[in-house]
Amino acid sequence: MLIKKIIIPKNITIFTLRNTSQNIQNWEHKQSSSVILRLITSCQKFYKEERTKMNKIFEEIFNYVKDLEIIDTHEHLPAFENEREKDTDVLKEYLTHYFNRDLISAGLSIDDYQKVLNNKVSLIKRWKLVEPYWEVARNTGYGRALDVSVKALYGVEKIHRSTIEHLNEAFLDSLKPGHFKKVLKEKSKIKVSLLDSNLECDKSFFRSVYRLDNFIYPNTGDDIEQIEKESATKICSLGDWLEICEIMLDKALSIGAVALKSGLAYRRTLKYERVSKNEAENGFNEIFKVKHSPDWENQVFMVGKKFQDYMMHFVLGLANKRNLTFQFHTGIQEGNGNIIYNSDPSLLSNLFLEYPNVDFDIFHIGYPYQQVLSVLAKTFPNVYIDMCWAHIISPTASINALIEWIDSVPINKISAFGGDYCFIDGVYGHQYLARINVSKSLAKKVEDSVFDIEKAKEISRMLFYNNPFKIFKLKGKI
Ligand SMILES: [Zn+2]
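Residues numbered from 1 in each chain as written. Predicted model: local features only at pLDDT ≥ 70, side-chain atom pairs only at ≥ 80, totals over all residues.

A few words on the overall build of the protein chain. Check the secondary structure of the protein chain and you find 19 helices and 8 strands. Counting only C-alpha atoms, the protein chain reaches 105 × 55 × 40 Å along its principal axes. Counting every position in the protein chain, which comprises 478 residues, the buried fraction comes to 39%. Long-range pairs, those at least 24 residues apart, make up 77% of the contacts in the protein chain between residues at least 6 apart in sequence. (Helix = DSSP H or I, 4+ residues; strand = E, 2+ residues; numbered from the N terminus. Buried ≥ 20, exposed ≤ 12 C-beta atoms within 10 Å, placed from the backbone. Contact = placed C-beta atoms within 7 Å.)

Pairing in this open sheet of 8 strands is parallel, and the strands run β1-β2-β3-β4-β5-β6-β7-β8 from one edge to the other. Both outer strands of the open sheet, β1 (70-75) and β8 (414-415), are each paired with one neighbouring strand and no more. As defined by bridge partners, strand β7 (residues 383-386) adjoins β8 across 2 bridges and the pair is classed as parallel. Each bridged residue has a counterpart across the sheet, and for Ile385 the counterpart in β8 is Ile414. The strands touched by helix α19 (residues 453-471) are β1, β5 (325-328), β6 (359-362), β7 and β8; relative to β1, the strand with the most contacts, the crossing angle is about 60°. (Pairing = 2+ DSSP bridges. Axes fitted to C-alpha atoms, helices over the stretch in contact; angles between N-to-C directions.)

Once that is clear, we can look at the nonpolar core. Within soluble globular proteins, side chains that are nonpolar tend to cluster in buried spots. Counting residues in hydrophobic clusters, the biggest one holds 123 residues, and the most contacted among them are Ala259, Val315 and Ile385. Two domains each donate at least three residues to this core, and these are domain 1 (76-173) and domain 2 (179-471). Contacts of Ile385, omitting those with residues within four sequence positions, involve Ile362, Ile365, Leu373, Ala377, Trp405, Val409, Lys413 and Ile414. (Core = buried A, V, L, I, M, F, W, Y, C linked by C-beta atoms within 7 Å. Domains from an automatic or database assignment.)

Domain annotation for the protein chain reports domain 1 (76-173) and domain 2 (179-471). Distance between the C-alpha centres of domain 1 and domain 2: 27 Å. At the interface, 22 residues of domain 1 touch 30 residues of domain 2. Put simply, the parts of the chain that give the side of domain 1 that touches domain 2 at least two residues each are α2 (90-94), α3 (99-106) and α6 (141-154). The element best represented in the side of domain 1 that touches domain 2 is α6, accounting for 9 residues. When grouped by side-chain class, the residues that make up the side of domain 1 that touches domain 2 number 12 nonpolar, 6 polar and 4 charged. (Nonpolar A, V, L, I, M, F, W, Y, C, P; charged D, E, K, R; others polar.)

For α6, which comprises 14 residues, the first-to-last C-alpha distance of 20 Å matches the rise-based estimate of 20 Å (1.5 Å per residue) to within 8%. Here α6 lies mainly inside the structure; 10 of its 14 residues are buried. The set of residues buried in α6 consists of Gly141, Tyr142, Gly143, Arg144, Ala145, Leu146, Val148, Ser149, Val150 and Leu153. Downstream of α6 by one or two residues, Gly155 has phi in the positive range, about 65°. (Expected span 1.5 Å × (residues − 1).)

Turning next to the pairing of strand β2 (residues 190-196). Burial runs high along β2: 6 of the 7 residues are buried. Bridge analysis of β1 against β2 gives 4 bridges, and the strand direction is parallel. From the neighbouring strand, Glu75 faces β2, where its bridge partner is Leu195. Note: β2 against strand β3 (residues 206-211), 4 bridges, orientation parallel. Pairing of Leu194 across the sheet is with Arg207, part of β3.

With that settled, the discussion passes to unusual backbone geometry. A cis amide bond, omega 10°, links Tyr367 with the succeeding residue Pro368. Within the secondary structure, Pro368 is located in the loop between β6 and α15 (370-379). For Trp389, which is not a glycine, the phi torsion comes out positive at approximately 70°. With respect to the element layout, Trp389 can be found in the loop between β7 and α16 (390-393). One non-glycine residue with positive phi stands out, namely Asp420, at about 60°. Checked against the element boundaries, Asp420 lands in the loop between β8 and α18 (424-447). Residue classification places Asp420 among the buried positions, given that 27 C-beta atoms sit within 10 Å.

Turning our attention to helix α7 (residues 164-173). Restricting attention to buried positions, one finds in α7 the residues Ile164, Leu167 and Phe171. Here the buried residues of α7 occupy an arc of 60° about the axis, which is enough to place them on one side. Facing away from the buried surface of α7 by more than 90 degrees, the exposed residues are His166, Glu169 and Asp173. (Arc of directions from axis to C-beta.)

To continue, consider the environment of Ser204. Mapping Ser204 onto the fold places it in the loop between β2 and β3. Sequence separation of Ser204 and Ile478 is 274 residues, and the distance between their C-alpha atoms is 9.1 Å.

Relative to the helices and strands, Glu447 resides in helix α18. With 13 C-beta atoms packed within 10 Å, Glu447 lands in the partly exposed category. In this structure the C-alpha to C-alpha distance between Glu447 and Asp89, which are 358 residues apart in sequence, comes to 45 Å. The contacts of Glu447, once residues within four sequence positions are left out, are Met54 and Ile57.

Bridging between β3 and strand β4 (residues 259-262) involves 3 bridges; their strand directions are parallel. Across the sheet, residue Val209 finds its bridge partner in β4, namely Ala259.

Considering the arrangement of structural elements, one finds Leu249 in helix α11 (residues 238-254). Overall, the presence of 20 C-beta atoms within 10 Å leaves Leu249 in the buried class. Along the primary structure Leu249 and Val450 are separated by 201 residues, whereas in three dimensions their C-alpha atoms are 44 Å apart. Residues within four places of Leu249 in sequence aside, it is in contact with Leu212 and Leu318.

Summarising the model, the protein chain shows a mean pLDDT of 92, and 91% of its residues fall at 70 or more. Low pLDDT, under 50, characterises residues 1-21; the predicted model gives this stretch 17 contacts beyond four residues in sequence or across chains. (pLDDT = per-residue confidence, 0-100.)

Structure (structure tokens):
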């Protein structure tokens, strides 16, 4: 039975004992046992040596990667540190997104989740509410990132009943100015983070990425009023709508936006058909026909798909003329339930073909469509892989995907890190996991003799800095 469990490495010789006579069977049995023992010892030695060799390769790569200055392709942080919520505590801030979803998935009720967020109630009482779910979810990427963060930022081993009060005191102390600099610059070594949506932002940390989603999918009268306010124009026709969309884009670019972003895969399919202007105008008229009637601003619209499709093509036409990079949300949607197949990145294929001067930066490795994304990035010259959010969604999927992409996708088409956090401390844990994961993938390739350690280091610089620098055309902008 024992021998069946042993996987024998190729380079270990197996001695076969031949039965020649019944008389020597007992003797042979003894000798066989001795050979088996020697075989087990050889196997153990072999695997130990292999592990040590692999660990050494990983350590050498990680020792280099851990100090790299990096470009962070995507964040939702407050645009200025003084806009950070002050009426908070460690549970309220850390459970604004991501890990709260794992807790709810594990069984925490929405009512209890709301109670946990109430920082007016005793911390330990709220911890007890959340503890059973925390303990079963703490090994997810979201949970691990938080533990990594508190260890590095506050010297707390892990988030636990025995540490939560001490951790909270240290956390509250971090609400004073200087914490952004500590986390983003000193601890995470981030050159610049691309910030989703906020045109006005602290340029010592951020560059803005602009969204035109409200032009493609206006949701309420308020959305339209907001656009009228920002553009100081009254919108009376589809022509006005298109004209203002272009003006707003150029204004955003003139004040420092470096790329466009769409997050509409949370609300609809990524399949944008080509639609005639007439059909789009019908959709526009549907939502505008009652404009200026009382309470119009608060109405929720069901803006037609044809209108949305036309507008996405219109926006991509603008981006194509300006040679812009366009970030697309694909794959997993944050939250506790959505329609995953709406966000399959292959649904964007017609857009990749029709807008060759737009560089499509495909978010979140398309998880769980990372292999689909592999084919898209391999074949389309204007499709790039962005690992933002991915290292905490699934560290293992990120490692394996990168191992595979190195085989299938040119290495200049992948950006390794985007924090995608709404709160500052999460960024540290995420970038640390990203550095570990990338080092593990590269170490595997070195072990397989695809390239040597020096090349692995060069590739890590590309993944974390040079590639996003080129993909987002940041020359002269950071
Ligand atoms: Zn995001």
